[in-house]
Amino acid sequence: MKRMLSGIKPTGQLTLGNYIGALRNFVNYQDDYEMIVFIANLHCITEYQDPADLRKNLTDAVALYLACGLDPDKATIFLQTDVHAHAELGYILACNTYLGELNRMTQFKDKSAKGEKNMTAGLYTYPCLMAADILLYNANYVPVGEDQKQHVELTRDIAQRFNNRYGETFVVPEPLIAKVGARIMSLSDPSKKMSKSDEANKGCIYLLDDPKTARKKIMSAVTDSFADVKLDKENQPGLYNLIEIASALSGRSMEEIADEFAGQGYGKLKGYVADVVCSELEKIQSRYNEIIESRQIEKILSEGSAKAAAIADETLARVKNKIGLEIKY
Ligand code: ATP
Ligand code: LTN
């Protein structure tokens, strides 16, 4: 069975973008692949997090993984910091990555271009840690949203370089990007990705938003003044995004949905999108509440990290041996 690995940062609450672009796909893959998913808590401290908020977000993220359908009997689920090999291999890979490569990472470039102050060294070297996350497990595939493709490609370059330098060590992974929903856009600004760090909060639907709030956000989503339901990503990006959300969640094609609402006002389409989203949120939230009450999270994480550490420690030992970092007795 091929192995698949992915992670989500527990920065703030998980969003509908995380669900459609990543989480939902993990659930679909867990029957056919050996699935490893983790909570990337080391990645999220590349920017300051309030400790109490972070603790709460960690629990919520695990509970949401489970509520969305990840099954601990099928997938290995753990917290990144519970497997020490991530930080250690992250450092080793940083020593095999060039500054020029990190300078080209768009996520970092965009943040610097915005003139963000207090950017940390951790944010800069983050792709090396992400490469470690993936390479430790010899993962064949990495299901991610569009924004992470570049980081997986860098991981491939780092793995190939290491293999060339030290001999065959790492499996070179491939990114796996869904055809629909790989980049859900903000409802208030369809030129931007729907993001947890959306300060105004209006453009982002959180998986724990109460359905009334989610409906309001959808009904006031920015569209256009053409007053014509069509699939035109370039000229009607807001509308396109709404149809993509509905398509991803309903399994209907985007064309079919656009045809159904052609000639009707945007209000009707928005109402449909809201129905689809709210019914998904209600399902997720009711399971989330059960999981929080069942108090199983700690046990699931400790079993998950034991399984993960067995794989990761073996890879790390091989890496150290190849590099010549240990004395052989
Ligand atoms: P931020 O929103 O702060 O930029 P993030 O949500 O991108 O953070 P993660 O939580 O680590 O960061 O993302 C987890 C997964 O969700 C990744 O695979 C990412 O590509 C995917 N993802 C995130 N936002 C979207 C989106 N708007 N559309 C589709 N996929 C997304
Ligand atoms: N960088 C990703 C989260 C992430 C990840 C990973 C995804 C960290 N490590 C390994 C896939 C594989 C993000 O910011 N969305």
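Shown above is the structure to which this text applies.
The present account deals with the structure reproduced in this document. (Residues numbered from 1 in each chain as written. Chains lettered and ligands numbered in written order. Predicted model: local features only at pLDDT ≥ 70, side-chain atom pairs only at ≥ 80, totals over all residues. Heavy atoms only, no water.)

## Points about the overall build of the protein
For step 1, the next point in the chain: Broken down by element type, the protein carries 13 helices and five strands.
For step 2, the next point in the chain: Taken against the 2.2 N^0.38 rule, which gives 20 Å for 329 residues, the C-alpha radius of gyration of the protein at 21 Å falls within 12% of a compact globule.
For step 3, the next point in the chain: Counting only C-alpha atoms, the protein reaches 75 × 45 × 40 Å along its principal axes.
For step 4, the next point in the chain: Looking at the 329 residues of the protein, the share that counts as buried comes to 51%.
For step 5, the next point in the chain: In the protein, 75% of the contacts between residues at least 6 apart in sequence involve partners at least 24 apart.
For step 6, the next point in the chain: Of the roughly 15800 Å² of accessible surface on the protein, a fraction of 50% belongs to carbon and sulfur atoms.
For step 7, the next point in the chain: Measuring between centres, the 40 positive side-chain charges of the protein sit 2 Å from its 45 negative side-chain charges. (Helix = DSSP H or I, 4+ residues; strand = E, 2+ residues; numbered from the N terminus. Rg over C-alpha atoms; globule rule 2.2 N^0.38 Å. Buried < 20%, exposed > 50% of the residue type's maximum accessible area, 1.4 Å probe, protein only. Contact = heavy atoms within 4.5 Å. Areas by Shrake-Rupley, 256 points an atom, 1.4 Å probe, with all protein chains shown as cover. Lys, Arg positive; Asp, Glu negative; His and termini not counted. Charge placed at Lys NZ, Arg CZ, Asp CG, Glu CD.)

## Overview of the environment of alanine 159
For step 1, the next point in the chain: Mapped onto the elements, alanine 159 comes out in helix H8 (residues 149-166).
For step 2, the next point in the chain: Alanine 159 sits in the buried class, given a relative accessible area of 0%.
For step 3, the next point in the chain: Between the C-alpha atoms of alanine 159 and isoleucine 134, which are 25 residues apart in sequence, the distance is 10.0 Å.
For step 4, the next point in the chain: Leaving out residues up to four positions away in the same chain, alanine 159 has contacts with Leu135, Phe170, Val171 and Val172.

## Here's the deal with the site of ligand 2
For step 1, the next point in the chain: Around ligand 2 there are 14 residues in total, and Lys9, Tyr126, Met130, Asp133 and Gln148 lie nearest to it.
For step 2, the next point in the chain: One nitrogen or oxygen atom from the side chain of tyrosine 126 is found 2.3 Å from a nitrogen atom belonging to ligand 2.
For step 3, the next point in the chain: With respect to ligand 2, the side chain of glutamine 148 contributes an N or O atom lying 3.0 Å from a nitrogen atom.
For step 4, the next point in the chain: Contact with the protein chains covers 93% of the free accessible surface of ligand 2, which is 360 Å².
For step 5, the next point in the chain: For the shell around ligand 2, the secondary-structure elements that each account for two or more residues are strand E1 (3-8) and helix H7 (121-135).
For step 6, the next point in the chain: Among the elements that line the shell around ligand 2, the one with the most residues is H7, at four residues.
For step 7, the next point in the chain: Partitioning the shell around ligand 2 into residue classes produces eight nonpolar, four polar and two charged. (Near = heavy atom within 4 Å. Polar contact = N/O pair within 3.5 Å; in protein donor to acceptor, adjacent residues only side chain to side chain. Nonpolar A, V, L, I, M, F, W, Y, C, P; charged D, E, K, R; others polar.)

## Focus on the site of ligand 1
For step 1, the next point in the chain: Around ligand 1 lies a shell of 20 residues, among which Asp147, Ile184, Lys193, Lys196 and Ser197 are the nearest.
For step 2, the next point in the chain: Here a nitrogen atom of ligand 1 sits 2.8 Å away from a polar atom, N or O, in the main chain of isoleucine 184.
For step 3, the next point in the chain: Within the backbone of methionine 194, a nitrogen or oxygen atom sits 3.0 Å from a nitrogen atom of ligand 1.
For step 4, the next point in the chain: When residues of the shell around ligand 1 are traced back to their parent elements, those giving at least two are E1 and helix H1 (16-29).
For step 5, the next point in the chain: When residues of the shell around ligand 1 are assigned to their parent elements, the largest contribution, four residues, is made by H1.
For step 6, the next point in the chain: Taken together, the residues of the shell around ligand 1 break down into six nonpolar, nine polar and five charged.

## Let's talk about the pattern of salt bridges
For step 1, the next point in the chain: According to the stated counting rule, one finds 17 salt bridges in the structure shown.
For step 2, the next point in the chain: In this structure, the salt-bridge partner of glutamate 34 is arginine 3, at a minimum N-O distance of 3.2 Å. In this pair, glutamate 34 sits in strand E2 (residues 34-39) while arginine 3 sits in strand E1, placing the two residues 31 residues apart along the sequence.
For step 3, the next point in the chain: Residue glutamate 34 is classed as partly exposed on the basis of its relative accessible area, which comes to 29%.
For step 4, the next point in the chain: A salt bridge links arginine 161 to glutamate 101; the shortest N-O distance between them is 2.5 Å. Of the two residues, arginine 161 sits in helix H8 while glutamate 101 sits in helix H5 (residues 99-103), which places them 60 residues apart along the sequence. For the pair shown, arginine 161 and glutamate 101 are each scored as buried.
For step 5, the next point in the chain: Ionic contacts of the salt-bridge type, sharing partners, join the residues Arg252, Glu256 and Glu260 into one network. (Salt bridge = Lys/Arg side-chain N within 4 Å of Asp/Glu carboxyl O.)

## Observations concerning helix H13 (residues 297-323)
For step 1, the next point in the chain: Taking 1.5 Å per residue as the helical rise, H13 with its 27 residues ought to reach 39 Å, and the 37 Å between its terminal C-alpha atoms agrees with that figure.
For step 2, the next point in the chain: Along H13, the sharpest change in direction is near 25 degrees and occurs at alanine 309.
For step 3, the next point in the chain: What H13 keeps buried is the set Ile297, Ile300, Leu301, Gly304, Ser305, Ala308, Ala309, Ala312, Thr315, Leu316 and Val319.
For step 4, the next point in the chain: Against helix H3 (51-67), strand E3 (76-79), helix H4 (85-94), H7, H8 and helix H12 (266-294) lie the buried residues of H13.
For step 5, the next point in the chain: Glycine 324, located one to two residues past H13, shows a positive phi value of around 90 degrees. (Expected span 1.5 Å × (residues − 1). Bend = angle between axes of the 7 residues up to and from the residue.)

## Details of the nonpolar core
For step 1, the next point in the chain: Counting residues in hydrophobic clusters, the biggest one holds 67 residues, and the most contacted among them are Leu16, Leu23 and Leu207.
For step 2, the next point in the chain: The element best represented in this core is H12, accounting for 12 residues.
For step 3, the next point in the chain: In this structure, leucine 207 is in contact with Leu14, Thr15, Leu16, Tyr19, Leu23, Leu64, Cys68, Leu281, Ile284 and Gln285, ignoring residues within four places of it in sequence.
For step 4, the next point in the chain: Ranked by size, the runner-up nonpolar core spans 38 residues in total, among them Met130, Ala139, Ala309 and Val319. (Core = buried A, V, L, I, M, F, W, Y, C linked by side-chain atoms within 4.5 Å.)

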